[in-house]
Amino acid sequence: MTQTYNLFINGQFVPAESGETFESINPYNGESIARFARGGKADIHKAVQAARVAFDEGPWPRMSGEERGQYIRALGEKISDSSKALLPLEVADSGSTIRKVQGDLWLSSNQLKYFSKLASRTMERQLEDLSKPGVSNNYTVREPIGVCGQIIPWNFPLMMAIWKLGPALAAGCTLVLKPAEETPVSAMELAKMIAEIGIPPGVVNIVTGFGEEAGAPLVNHPDVDKIAFTGSTEIGRKIMCDASAGMKRVTLECGGKSANIILEDADPEIAIDGSLYGAFFHAGQCCTAGTRLLLPESKKDEYLERLVEKARQIRLGDPMDKGTDMGPLVSKKQQERVLGYIDKGKAEGAKVLVGGGRPTGAETENGFFVEPTIFGDVDNSMTIAQEEIFGPVLSVITYKTEADAVRIANESMYGLAGAVWSRDTDRAVNMAKQLRTGTVWINEYHLVSERAPFGGYKQSGLGRELGPESLHEYTEIKHIHVDELGSREKKFWYDTVVKPGNLVKS
Ligand code: ADP
């Protein structure tokens, strides 16, 4: 019998009020991996209430940052200790390859170490240019925002949970996390670890369920102070609207259509492999994926030939097999969506150079696979160059001049990431500065560090995750002014308010 995971509310594992459950499917073989409580409005309400009490009355926001940091570090160690058990669960739930999940687990554990250090950062800053001994002392304090609603997607299930939990906990917030309905297992395993290490009840609540049923009530709940969301731009926009009613703080990490620009002087060996990695890592299900490859016209044929040849060698298959390069997409819905985009690309006149459909063969027949696909003859105005596909589909666009490349790269509603490949660092940096995106890699791709801010320009999002900036996103800033004048007569308002009108009798 398959296991059923309950909701994690106020330190307890409880079924949904409705008693309903849903199952999560292994995208490699279509089999159910487990059942999960189907959280709804009533469950969200309970979870938010628990988080509210934990914030307003509990120890979490009141303990020292160092102490919170110890819990956060302990959670990171738990992940590391549990990685053997977590690995097959995360692979089965998400269809990610074992190689990718090994990286995710290691990164998640390390990221928590970083957030544990962030927790003990001083939250006070003296305003030296304003303060004057004998007049006033001025400083700012950063205080936790309060109860956070956190909604995450299915592409990096555990790591996305950590990006949300880590800075919120470091800042002293309490939270309700809603994992994606496609991939809830690692978040619920995380809930067990949170209970085991003794983070006070109500600080972290995890409610599994669907977007409209559980996500929307969380965003709309009046006792939630902040929403942090990672997912599609379409839902990000909706969340921003919904959150406006209570003027909730929001951070949004949404879609991308990143340009990966190869300059004429690039080292082709590195640029080709790096570009394939940029586009096809995790079957292209990454918001940072380098899905628009910009090639100089003079080198187009040389690059395309090698890209196509190498794309043919990408091995699709069982994600638990270490030899597999690319696993299935997360769901049948996603597979259909991606195949729909491929059809659209063909219909709009782009040319399939490799891939372009479902793979054949026993290894992939029961999974939601799509072949690594490269389109040539792409114009940047085509749907496949403008919309986020979230699958293994690379659009190759050629450019004449570097100014042209910058213009094409920036002709997008997105602005999440991108890369420039060149042997000349100054030249590449000059181009990087002209790109309207939150991250630019030079001769590299997908390298995200917990020590650097991550987020989008334009409709790729709002705010930053990771880095010290992540802590800022979970704190309000308060200015404290301490008067040192002492006497009433020295006050700036004495002459203007008190004396002439004699408003205040002594
Ligand atoms: P995708 O289309 O890739 O699944 P979504 O943006 O739809 O991405 O989903 C990302 C997360 O947002 C998931 O956890 C999903 O349940 C949640 N979600 C979807 N719709 C809403 C909504 N209306 N309000 C809040 N959360 C939502």
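In the block above lies the structure referred to throughout.
It should be emphasised that the depicted structure is a prediction, and the values quoted were computed from it without experimental measurement. Per chain, residue numbering runs from 1 following the sequence as it is written. In keeping with the predicted nature of the model, local features appear solely for residues at pLDDT of at least 70, side-chain atom pairs appear and are counted solely at 80 or more, and the whole-chain, interface and lining totals rest on all residues. To obtain the side-chain values, all non-hydrogen atoms of the structure were included, while hydrogens and water were left out.

Q: Sorry, what's going on with the environment of Pro-144 here?
A: Residue position: Pro-144 is located in strand E7 (residues 136–144). Relative accessibility thresholds used throughout: buried, under 20% of the residue-type maximum; exposed, over 50%; partly exposed, between the two (1.4 Å probe, protein chains only). The class for Pro-144 is buried, based on a relative accessible area of 19%. Each C-alpha atom, one on Pro-144 and one on Gln-3, is 36 Å from the other, the two residues being 141 residues apart in sequence. Two residues form a contact once any of their heavy atoms are found within 4.5 Å. If near-sequence neighbours (up to four positions away) are discounted, Pro-144 is found in contact with Phe-55, Pro-61, Ala-171, Gly-172, Cys-173, Tyr-474 and Thr-475. Only DSSP runs of H or I reaching four residues or more are called helices, and only runs of E reaching two or more are called strands; each is numbered from the N terminus.

Q: Sorry if this is basic, but what is going on with the site of the ligand here?
A: Summary of the distance rule: residues count as near a molecule or strand when at least one heavy atom falls within 4 Å of that molecule or strand. Around the ligand, the surrounding shell holds 19 residues, and the nearest of these are Ile-152, Trp-154, Lys-178, Glu-181 and Ser-232. Pairs of N or O atoms are called polar contacts if they sit within 3.5 Å, as long as, within protein, a hydrogen donor faces a hydrogen acceptor (for residues adjacent in sequence, only side-chain-to-side-chain pairs). Within the contact set of the ligand, an oxygen atom lies 2.6 Å away from a side-chain nitrogen or oxygen of Glu-181. Ser-232 places a polar side-chain atom, nitrogen or oxygen, 2.7 Å from an oxygen atom of the ligand. In the complex, 86% of the free accessible area of the ligand, which totals 550 Å², lies under the protein chains. For the shell around the ligand, the secondary-structure elements that each account for two or more residues are helix H7 (211–220), strand E11 (226–230) and helix H8 (233–244). Looking at the shell around the ligand element by element, the count peaks at four residues for H7. Here the term charged refers only to Asp, Glu, Lys and Arg, the term nonpolar to Ala, Val, Leu, Ile, Met, Phe, Trp, Tyr, Cys and Pro, and the term polar to all other amino acids, Gly among them. Grouping the constituent residues of the shell around the ligand by class yields ten nonpolar, five polar and four charged. For every accessible area listed, the method is Shrake-Rupley and the probe measures 1.4 Å; residues are considered covered only by the protein chains on display.

Q: What am I meant to see in the state of the cysteines here?
A: Joining two cysteines, a disulfide is a covalent bond between their sulfur atoms. Disulfides are defined as pairs of cysteine sulfur atoms found within 2.5 Å of each other. Counting across every chain of the model gives zero disulfides. Of the cysteine sulfurs around Cys-173, a residue in no disulfide, the closest is that of Cys-148, at 3.8 Å. Note on Cys-173: relative accessible area 0%, which makes it buried. There is no disulfide at Cys-287, and the cysteine sulfur nearest it, in Cys-286, is 7.0 Å away. Residue Cys-287 is classed as buried on the basis of its relative accessible area, which comes to 14%.

Q: Help me out: how do you make sense of the sheet that holds strand E4 (residues 21–25) in this one?
A: By way of backbone hydrogen bonds, the strands of a sheet pair with one another, either parallel or antiparallel. The strand order across the open sheet built from three strands is E1-E5-E4, with neighbouring strands paired in mixed fashion. Looking at which strands have only one partner, the edges of the open sheet turn out to be strand E1 (4–5) and E4. By this definition, two strands are paired if DSSP reports at least two bridges between them.

Q: I keep staring at the pattern of salt bridges and nothing clicks. Help me out?
A: A side chain with one charge can pair with a side chain of the opposite charge if their charged atoms come near. Any carboxyl oxygen of Asp or Glu within 4 Å of a side-chain nitrogen of Lys or Arg constitutes a salt bridge here. All told, the structure shown has 26 salt bridges when counted by the stated rule. Measuring nitrogen to oxygen at the nearest pair gives 3.0 Å for the salt bridge that ties Lys-192 to Glu-189. Pair noted here: Lys-192 and Glu-189 are both in helix H6 (residues 185–197), with a separation of three residues, about one helical turn. As a salt-bridge pair, Arg-451 and Glu-450 come within 2.7 Å of each other at their nearest N and O atoms. Classification of Arg-451 as exposed rests on a relative accessible area of 52%. By relative accessible area, which is 8% here, Glu-450 ends up buried. Salt bridges linked by common partners bring Arg-52, Asp-56 and Asp-225 together as one network.

Q: Help me understand the pairing of strand E17 (residues 393–399), please; the structure alone is not making it clear to me.
A: Within a regular strand, the side chains alternate between the two sheet faces. In terms of burial, E17 is largely enclosed, as six of its seven residues are buried. With five bridges joining them, strand E14 (residues 292–296) and E17 adopt parallel strand pairing. Directly across from Leu-295, in E17, lies its bridge partner Thr-398. As paired strands, strand E16 (residues 373–376) and E17 are joined by three bridges and run parallel to one another. Among the inter-strand pairings, Ile-374 is bridged to a residue of E17, identified as Leu-394.

Q: Can you walk me through the sheet that holds strand E19 (residues 418–421) in this structure?
A: Ordered by their spatial adjacency, seven strands build an open sheet running E15-E16-E17-E14-E13-E19-E20, and the pairing between neighbours is mixed. Single-partner strands in this sheet number two, and they are strand E15 (351–354) and strand E20 (441–442). In this analysis an axis means a line fitted to C-alpha atoms, helices contributing only their contacting stretch, and an angle means the value between N-to-C directions, from 0 to 180 degrees. Helix H11 (residues 332–347) contacts E15, E16 and E17 of the sheet and is inclined by roughly 20° relative to E16. Each of strand E13 (259–262), E14 and E17 is contacted by helix H13 (residues 402–410), which is oriented at about 145° to E17, the strand it contacts most.

Q: Honestly, a nonpolar patch on the surface in this entry has me stumped. Any pointers?
A: Note that patches include only residues with greater than 30% relative accessible area and no salt bridge, and the join distances are 9 Å for like charges and 5 Å for nonpolar side chains (Val, Leu, Ile, Met, Phe, Trp, Tyr). A cluster of nonpolar side chains, namely Phe-492, Trp-493 and Val-497, defines an oily patch on the protein surface of about 330 Å² accessible area. Relative to the helices and strands, Val-497 is located in helix H16 (residues 492–501). Judged by relative accessible area, Val-497 falls into the partly exposed class, the value being 38%.

Q: Looking at this structure, I do not really get H11. What am I missing?
A: Turn by turn, an α-helix covers 3.6 residues, leaving residues three or four places apart pointing in a common direction. Expected span of a helix: the number of residues minus one, times 1.5 Å. Over its 16 residues, H11 extends 22 Å from the first C-alpha to the last, a length consistent with the 22 Å expected when each residue adds 1.5 Å. The complete set of buried residues in H11 reads Gln-334, Gln-335, Val-338, Leu-339, Tyr-341, Ile-342 and Gly-345. Along H11, the residues classed as buried sweep out an arc of 150° about the axis, all on the same side. Across from the buried face of H11, at angles greater than 90 degrees, the exposed residues are Lys-333 and Ala-347. Buried residues belonging to H11 abut E16, helix H12 (383–386) and E17. It is the directions from the helix axis to the C-beta atoms that the arc portrays.

Q: Whenever I open this one, the packing of helix H9 (residues 268–280) against helix H10 (residues 300–312) confuses me. Can you help?
A: A packed helix pair is summarised by two numbers, namely the angle formed by the two axes and the spacing between the axes. The interhelical angle for the contact between H9 and H10, taken along N-to-C directions, is 55°, at an axis separation of 10 Å. The orientation of H9 with respect to H10, classified from their angle, is oblique. For the element pair H9 and H10, the recorded crossing hand is right-handed. Across from Pro-268, Glu-269, Ala-271, Ile-272, Asp-273, Ser-275, Leu-276 and Phe-280 in H9, the residues of H10 making contact are Glu-302, Tyr-303, Arg-306, Leu-307, Lys-310 and Ala-311. A class-by-class count of the residues in the contact of H9 with H10 yields eight nonpolar, one polar and five charged. By definition in this entry, angles of less than 35 degrees are roughly parallel, angles greater than 145 are roughly antiparallel, angles of 65 to 115 are roughly perpendicular, and the rest are oblique. Note on convention: the crossing is left-handed when the near helix lies turned anticlockwise from the far helix by less than a right angle, right-handed when the turn is clockwise.

Q: Where do I start with the pairing of E14 in this structure?
A: Along E14, five of the five residues are buried, which leaves the element largely enclosed by surrounding structure. Residues of E14 alternate between two faces, with Arg-292, Leu-294 and Pro-296 on one and Leu-293 and Leu-295 on the opposite face, all of them buried. Of the pairings in the sheet, the one linking E13 to E14 comprises three bridges and is parallel in character. Of the residues in E14, the one forming a bridge with Ala-259 is Arg-292. You can see the chain leave E13, run along H9 and come back into E14, and the turn it takes is right-handed. Crossover handedness is defined here as right-handed if the route from the first strand over the helix to the second strand goes clockwise, with the strands pointing away from the viewer.

Q: How should I be thinking about the packing of aromatic side chains in this particular structure?
A: Two numbers describe a pair of aromatic rings. These are the distance of the centres and the angle of the planes. Here a Phe, Tyr or Trp ring, Trp counted by its six-membered ring, pairs with any other such ring whose centre lies within 6.5 Å, and the pair is stacked when the planes are under 30 degrees apart, edge-to-face when over 60, and tilted otherwise. Using the criterion set out here, one finds twelve aromatic pairs in the structure. Relative to Phe-454, the ring of Trp-163 lies with its centre 5.3 Å away and its plane at 75°, an arrangement referred to as edge-to-face. Here the residue Trp-163 occupies a position in helix H5 (residues 157–171), and Phe-454 occupies one in the loop between E20 and strand E21 (457–458), the gap between them amounting to 291 residues. Each member of the pair, Trp-163 together with Phe-454, is buried. For a ring to carry a charge above it, either NZ of a lysine or CZ of an arginine must fall within 6 Å of the ring centroid while also lying within 35 degrees of the normal to the ring plane. One Lys or Arg, Lys-226, reaches over the ring of Tyr-474 and ends 4.4 Å from the middle of that ring.

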